[in-house]
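If you want the building blocks of each chain, they are given just below.
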Amino acid sequence: MTRKKRQFKLVQIPVSVRFFAVCVWSAISITTLPAGDVETGNRVVDDDESGVAVAFNREIRPILAENCYACHGFDEASREADLRLDTLDEAIGSDSGSAIVPGKPQESEFVSRILSEDSDLLMPPPDTGKQLTEQQKQTLRRWVQQGAHYDAHWAFTPPKLLAPPIIAGVSHPIDRFIHARLNDESIRPSARAGLETLIRRVSLDLTGLPPTPEQIDVFVRESETDASAAYRELVDRLLASPHYGERWGRWWLDQARYADSNGYSIDGPRSIWKYRDWVVDALNQDMRFDTFTIEQLAGDLLPQATQSQKVATGFHRNTQINQEGGIDTEQFRVDSIFDRVATTGTVWLGLTIGCAQCHDHKFDPITQVEYYRMFAFLNNQDEPTMKVYQPNVDVDALASELKTVKQTLTEFLSARNDQIDAWGKAVADDAKKKLPSAVRKALDTEDAKRSFDHKRELFAEAVKAGAIEDENGMFESLTKRYTDLDDALNKTDTTLVLSERSERRKSHVLIKGDFTRPADEVSPGTPSILHPLGEVSDPPNRLDLARWITRPENPLTSRVIVNRIWQQYFGRGLSEIENDFGLQGAPPSHPELLDWLALEFIRQDWSLKQIHRLIVTSQTYQQASTFRKDLQDIDPDNYLLARQQRLRLDAEIVRDVALVASGLLAPKLGGPPVFPPIPDGVMSQGQVRRSWETSRGDDRYRRGIYTFKFRATPPPSLNVFDAPDGFSTCTRRIRSNTPLQALTLMNDPAYFEFATALQKIIQQDGIQVAFRRCTSRPPTDDELAILDRLDTLGAARALLNLDETITRE
Amino acid sequence: MNSKNLRETTRRHFFSNCTMGVGSMALASLMAQEGISTPTSQSSNPLLPKPTHFPPRAKNVIFLFMAGGPTQLETFEYKPELTKRNGEPIPESFIKGKRFAFMNSSHRSNLLGSTRTFQRYGNNGTWVSDLLPHTAGIVDELSIVKTCKTDLFNHAPAKFFMNTGSGQFGRPSMGAWVTYGLGSECEDLPGFLVLQSGPRGPRGGAVLWGSGVLPTTYQGVPLRNQGDPILNLSTPDTVTPDQQRQLVDSVRELNLKRLVASGDEEIATRINAYELAYKMQSSAPELMDTSGESAETLDLYGIKDPNESSYARNCLLARRLVERGVRFIQLYHTNWDHHGGPTENLQKHLPEICKEIDQASAALVLDLKRRGLLDDTIVIWGGEFGRTPMGEVRENTGRNHHIDAFTMWFAGGGFKSGQVYGETDEFGFGPIENPVHVHDIHATLLHLLGLDHHRLSVKFQGLDFRLTGVDPARVVKELIG
């Protein structure tokens, strides 16, 4: 190796690169247990030295990615000393010598540099803030000793179908994978959770609503006869409930960054709730996930696209719109495309494609040019507001009928022009003052200049005044038909959609992501590290992109989605970093299970409900979440899943549970967002005072998913429980635990109203019933004693404030 | 503080908060019986003080945010050449290739001289205009930086940039980063509080003090001028204080039982959160009650009616918050957007807003100093950008948004006192020496608080987010005393 020492010196490195190197240092450290020893396609090498084989994907790649790739990885611009360590060919080098000599650590400069005691020579350079542990150094040395074998990154190779391990007495495939791993560690799984805990858990997980006391009684009774049949039936009932679509719709809406306002500083309201309803409905219908994907990304491009398919394209209209004065609209249009590229990458591919916006990706093999080729797919649409008609409305037929009716009505009125005119002239001035303004306006218009609407107004008023007779109710019936047709066609709800342009917009690489600095023109295309784009239109469009994403050979999408579903059930995905399956991500704790689920998802025709059913019917899902002393040291963070996980409910469900417990819930599905009571003054923050006219009637008590959400001033009671703000895609919610949450549950007017309603239940049915409505279980004597010290209102408030009430156990 | 000490402190903290109802020893033994480790980790109270990266110079920050972009040319930048060449077109070399807001509408490229009178003050003869007589009186306490520089020229993005280091919506704000990095020393109020004054809220709204990818524990909590000072702070009308205390006690006891039954430490965190919430119910009103302040103090700030919401009252509250150990306090005062429109011109409205903030800003520095709090507290004055040397003619005279050079001042907490840093050209258009980028300000601020801006990061979507972003940032050592 002829590389000179100075080439490795950090002073040679541009400051910006050093920054990125330090960037890798992370404040959140992720602990992962090594995966099981089952062959997973990752090479496991027989050791010729220490007796322990080193697996590249599991042990070596994370060390290299964390410590080396920022300067010796894929990004050419920031590469130092012309050295790449991300592929074997590059690392063993060519003419000028090699950093790694496979099998010969003593000859490998890579090894001597990581072991060096000279801080000028040591890698990674000390002032990057990175430091290898002694164990990591020895692992790397052993890897070189064993031949420095590289394996393809697990997430970029297609999932492997492995039969679930055979375990006596365990039939469910998920349990076979999970128990095999537990057996290896000599850990027994937890017992099944109590029936009340179980029905509450699965009801909240599948529908976001707690069970009623009656439902609990039925389940407990039926379980006595046949426990597994009772549970199966329960799951079937919950999956068939329309509330399933609301609960999992919210999961998807987080990813879609849905909200009801335009964002940025003005943040005016927008109407895009039809898209929200589309999501809820599609999930309730169990639309195949590939179709679900294609319609959202490119519904407008499908042949004879239906209205519903166009509504689905609202997915990518959930970007912000800047309404501020003096702005460059192109800048914000480009920003919205950046967001669409990043969101598409994160949601469907689990890749941080957005990182390649300004430079080649530091860690994953995605070039900046490839980024802008993805950009080009998403850069060719207009962004109109679309009228949404009632289902079964034949727009053409109605439009043609409207024309006919209008014509008839016009002729009808023309024939009676003289009568109308005569009546108009006869109206006295003081009588005129009492007429509706539309009629007055029509009267003030010269006879010859009166429009169709003017004449209609006048004729109707003249009939009302008894001055003209509407023979056979002819006018009335024509008018009614006319108004109905006009309403059906022109006074509809609207939503935001994508609409492909016929004339292509050119796309360029933008230097440093700056829209004022276009470089080479690019055509639409996908990253070369993934499966080929295949047969496409010319030039390729969004529909081709959507179809490429849903190809079965795509190694990422099915894994990413099942992982994100798993995360909802256990608080953490099988691969912990749910939005990055790239080289910086976390290797899965159970790689074989993740692959098996990913393939099962496709095999089950991309049915989300089947995946839900599969997971919730496993013993792994049904076991108790209670803390176990014996796991405290072996698996304190529950990676191995020897128990379930207690999880604080999502923001909307915190509200929903209180609504159900207090008997107030209005279970209506869908429709425009609603305005439940919020504390005074909340909406006056920020630049624009937003109107919030509190809804009346049932709309006060709708589920949290329907609360109107301004991005810049989100509803406080949802915001404090970590509901995402919709500025960018959210693939995992934070679960914070703060005093403001306590103030909300104790003092917020809405929660106080819930407590008052629950108080009535206590007064009528007793504290035991109220307790059960909140927690699904009866209170213990101790708990009753505590509650008995309070008056009924105090007890109701206490129940709504329990940690258990806002947690699924 | 090493981790063992930290754990011990946390343990003490947890139990000291649980002295009502079930005894702490009883709890400990109950939990031990169940084999549950007593909750000692940071997780049971995420706001507990955390160790710094290196010894800090300052503990608290007060950021006086002048929303809208205050003009530097009528306040701190004395530019006789600009006045002399009033009305002449700005030389092409200054504006070539630059973009401005409102470029196509009202922007003009003729120079506009200031009509204010400037005088020299303090030990170094620092120029300050007649609009800020009180600030002029404290220049010996300040580091005035004339070469601040930002990247974005529209209000909301520029405010995000100043507050979060990014023009994007939804990134963690400075106050969130600081409380995330340091925790808070106040046990009965949130660690990051926001106070607002002026005719309307700042553009960008709550996102300016949001926590972005950090837990919401760290987001700024607005202290409101009307109604409850903190949202949902008041006990509902029909509930007595006794009933509220009973509620909190009962909820704690019931939660403790569940903690013992389930072993989930998250419940310990929730118990703590309820204790803090309950304390806030009395500590926040006590904070807002300024009746104990002397007439002399009120005069110092220029507060006429202590119950009336104003910038001056917010400055006084900021001092009271620092006294209580609150980590980060941000004041927003609108509106500094003097384009020359009917309600925003340089002749009438600028003097008015200067009068609104001048005395109280200076008083805050003086008051902190005489109470021995200035050494530990950084005070920052400035907006999201400055204003152009070129005039803008709408109904009246004004100036456009300007990002190449604008003025901010810093006091206390390790900042050098009595200096002017950075020099601009004859028109005050751009720096001729020592530019200070917004990211440099952030790096310097964190440095004085004992935090390394490289290391204060959090991973999200494959990127490591930091207040100072990806591009290089510099701790401006010359500003440190």
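Residues numbered from 1 in each chain as written. Chains lettered and ligands numbered in written order. Predicted model: local features only at pLDDT ≥ 70, side-chain atom pairs only at ≥ 80, totals over all residues.

Structural notes on the overall build of chain A
Here is the rule we go by: In this description a helix means any DSSP run of H or I spanning at least four residues, a strand means any run of E spanning at least two, and both kinds are numbered starting from the N terminus. Whether a residue is buried, exposed or partly exposed follows from its count of other C-beta atoms within 10 Å of its own C-beta, namely 20 or more, 12 or fewer, or something in between, respectively; the C-beta atoms are built from the backbone. Once C-beta atoms are placed from the backbone, any two residues with those atoms within 7 Å are in contact.
Counting its secondary structure elements, chain A contains 35 helices and eight strands. Its C-alpha atoms give chain A principal-axis dimensions of about 110 × 75 × 45 Å. Each of the 809 residues in chain A was classed as buried or not, and the buried ones make up 49%. For chain A, the share of sequence-separated contacts (at least 6 apart) that also reach a separation of at least 24 residues comes to 70%.

Description of the overall build of chain B
Across its full length, chain B holds 13 helices and 18 strands. Each of the 481 residues in chain B was classed as buried or not, and the buried ones make up 58%. Here the analysis covers contacts within chain B between residues at least 6 apart in sequence; of these, 76% occur between residues at least 24 apart.

Description of the interface of chain A and chain B
Test applied: Each residue gets one of three labels, nonpolar for Ala, Val, Leu, Ile, Met, Phe, Trp, Tyr, Cys and Pro, charged for Asp, Glu, Lys and Arg, and polar for the others, Gly among them.
Listed as interface residues are 76 residues of chain A and, on the opposing side, 66 residues of chain B. Elements that contribute at least two residues to the side of chain A that touches chain B include exactly helix 2 (15-23), helix 31 (739-747), helix 34 (781-788) and helix 35 (792-801) of chain A. Counting residues per element, the side of chain A that touches chain B draws most heavily on helix 31 of chain A, at eight residues. Split by residue class, the side of chain A that touches chain B holds 31 nonpolar, 29 polar and 16 charged.

Considering helix 33 (residues 767-775) of chain A
All names here are of chain A. For helix 33, the tally of buried residues reaches seven of nine residues, placing the bulk of the element in the interior. All of the buried residues along helix 33 are Ile767, Ala770, Phe771, Arg772, Arg773, Cys774 and Thr775. Check the buried side of helix 33 and you find it contacts helix 10 (213-225), helix 29 (651-661), helix 32 (749-765), helix 34 and helix 35. Positive phi shows up at Ser776, right after helix 33, with a value of about 70 degrees.

Observations regarding the environment of B:Gly386
Here B:Gly386 lies in strand 10 (residues 386-393). If we skip the residues at most four places from it in the chain, B:Gly386 touches B:Gly69, B:Thr71, B:Gln72, B:His402, B:Ala405, B:Phe406 and B:Thr407.

Some details on the packing of helix 10 of chain A against helix 11 (residues 227-240) of chain A
Residue and element names in this part refer to chain A. Here is the rule: Lines fitted to the C-alpha atoms define the axes, with helices restricted to the stretch that makes contact. Angles between their N-to-C directions range from 0 to 180 degrees.
Two elements in contact, helix 10 and helix 11, have axes separated by 6 Å at closest approach and are oriented at 145 degrees. For the pair helix 10 and helix 11, the contacting residues are Phe219, Glu222 and Ser223 in the first and Ala227, Ala230 and Leu234 in the second. Looking at the contact of helix 10 with helix 11, its residues break down into four nonpolar, one polar and one charged.

Considering the domain arrangement of chain A
Counted only if it meets this: Where a domain begins and ends is set by an automatic assignment or by a domain database.
Here the domain parsing of chain A yields domain 1 (5-151), domain 2 (288-387 + 496-554), domain 3 (395-491) and domain 4 (646-808). Taken together, the residues of the side of domain 1 of chain A that touches domain 2 of chain A sort by class into six nonpolar, two polar and two charged.

Here's the deal with the environment of A:Trp596
Residues and elements named next belong to chain A. Mapped onto the elements, Trp596 comes out in helix 26 (residues 591-603). For Trp596, a count of 22 C-beta atoms within 10 Å gives the class buried. Spatially, the C-alpha atom of Trp596 lies 9.5 Å from that of Phe177, the residues being 419 residues apart in sequence.

Re the environment of A:Leu743
Counting through the fold element by element, A:Leu743 comes out in helix 31. Linking A:Leu743 and A:Ser695, residues 48 residues apart in sequence, is a C-alpha distance of 23 Å. Excluding residues that lie within four positions of it along the chain, A:Leu743 makes contacts with B:Asn232, B:Leu233 and B:Ala277.

Some words on the pairing of strand 8 (residues 328-333) of chain B
Residue and element names in this part refer to chain B. Put simply, the test is: Any two strands with at least two DSSP-identified bridges between them are counted as paired.
By the criterion of burial, strand 8 is predominantly enclosed, with six of the six residues buried. Along strand 8, one buried face is formed by Phe328, Gln330 and Tyr332 and the opposite face, lined by Ile329, Leu331 and His333, is buried too. Pairing between strand 1 (residues 60-66) and strand 8: six bridges, direction parallel. Each residue of the ladder has a partner; that of Ile62, found in strand 8, is Ile329.

A few points about unusual backbone geometry
Only a minority of non-glycine residues have a phi that is not negative, and only a minority of peptide bonds are not trans. Omega for the bond connecting A:Met123 with A:Pro124 falls within 30 degrees of zero, at -10 degrees, which places this linkage in the cis form. Here A:Pro124 shows up in the loop between helix 6 (109-115) and helix 7 (134-145). Here B:Thr334 and B:Asn335 are connected by a cis peptide whose omega angle stands at 10 degrees. Structurally, the position occupied by B:Asn335 is in the loop between strand 8 and helix 12 (349-370). The phi dihedral of A:Ser186 is positive, around 55 degrees, even though this residue is not glycine. You can see A:Ser186 is positioned in the loop between helix 8 (173-184) and helix 9 (195-207). Using a count of 7 C-beta atoms within 10 Å as the deciding quantity, one classes A:Ser186 as exposed.

Some thoughts on the packing of helix 25 (residues 557-570) of chain A against helix 26 of chain A
Residues and elements named next belong to chain A. We apply this condition: For classification, angles of less than 35 degrees are called roughly parallel, those exceeding 145 degrees roughly antiparallel, those between 65 and 115 degrees roughly perpendicular, and all remaining angles oblique.
Contact geometry for helix 25 and helix 26: axes closest at 8 Å, N-to-C directions at 105 degrees. Here helix 25 lies roughly perpendicular to helix 26, going by the angle between them. The segment helix 25 lies against helix 26, with Ser558, Arg559, Ile561, Val562 and Asn563 engaging Leu594, Leu597, Ala598, Phe601 and Ile602. Residue classes in the contact of helix 25 with helix 26 are distributed as seven nonpolar, two polar and one charged.

Observations regarding the nonpolar core
The test is simple: We call a set of buried Ala, Val, Leu, Ile, Met, Phe, Trp, Tyr and Cys residues a nonpolar core when their C-beta atoms link them within 7 Å.
Counting 177 residues, the largest nonpolar core has A:Leu799, A:Leu800, B:Leu193, B:Cys315, B:Ala318 and B:Phe410 as the members making the most contacts within it. Ranked by residue count, the leading element in this core is helix 9 (residues 266-288) of chain B, at 11 residues. Apart from the residues lying within four places of it in its own chain, the contact partners of B:Phe410 are B:Leu142, B:Ser143, B:Val145, B:Ile378, B:Ile380, B:Phe415 and B:Leu479.

With respect to the pairing of strand 2 (residues 385-388) of chain A
Residue and element names in this part refer to chain A. Burial of the side chains of strand 2 is restricted to one face: Met386 and Val388 are buried, whereas none of Thr385 and Lys387 on the reverse face is. With four bridges connecting them, strand 2 and strand 3 (residues 493-496) associate as antiparallel partners. Bridged to Met386 within strand 3 is Thr495.

Looking at the confidence of the model for chain B
Residue and element names in this part refer to chain B. To keep things clear, this is the line we draw: Each residue gets a pLDDT score, which is the predictor's confidence in that residue and runs from 0 to 100.
Residues at a pLDDT of 70 or more form 87% of chain B, whose mean pLDDT is 86. Here residues 1-26 scores under 50 on pLDDT; set against residues more than four positions off or in separate chains, the count is 31 contacts. The ipTM assigned to the predicted complex is 0.83, against a pTM of 0.79.

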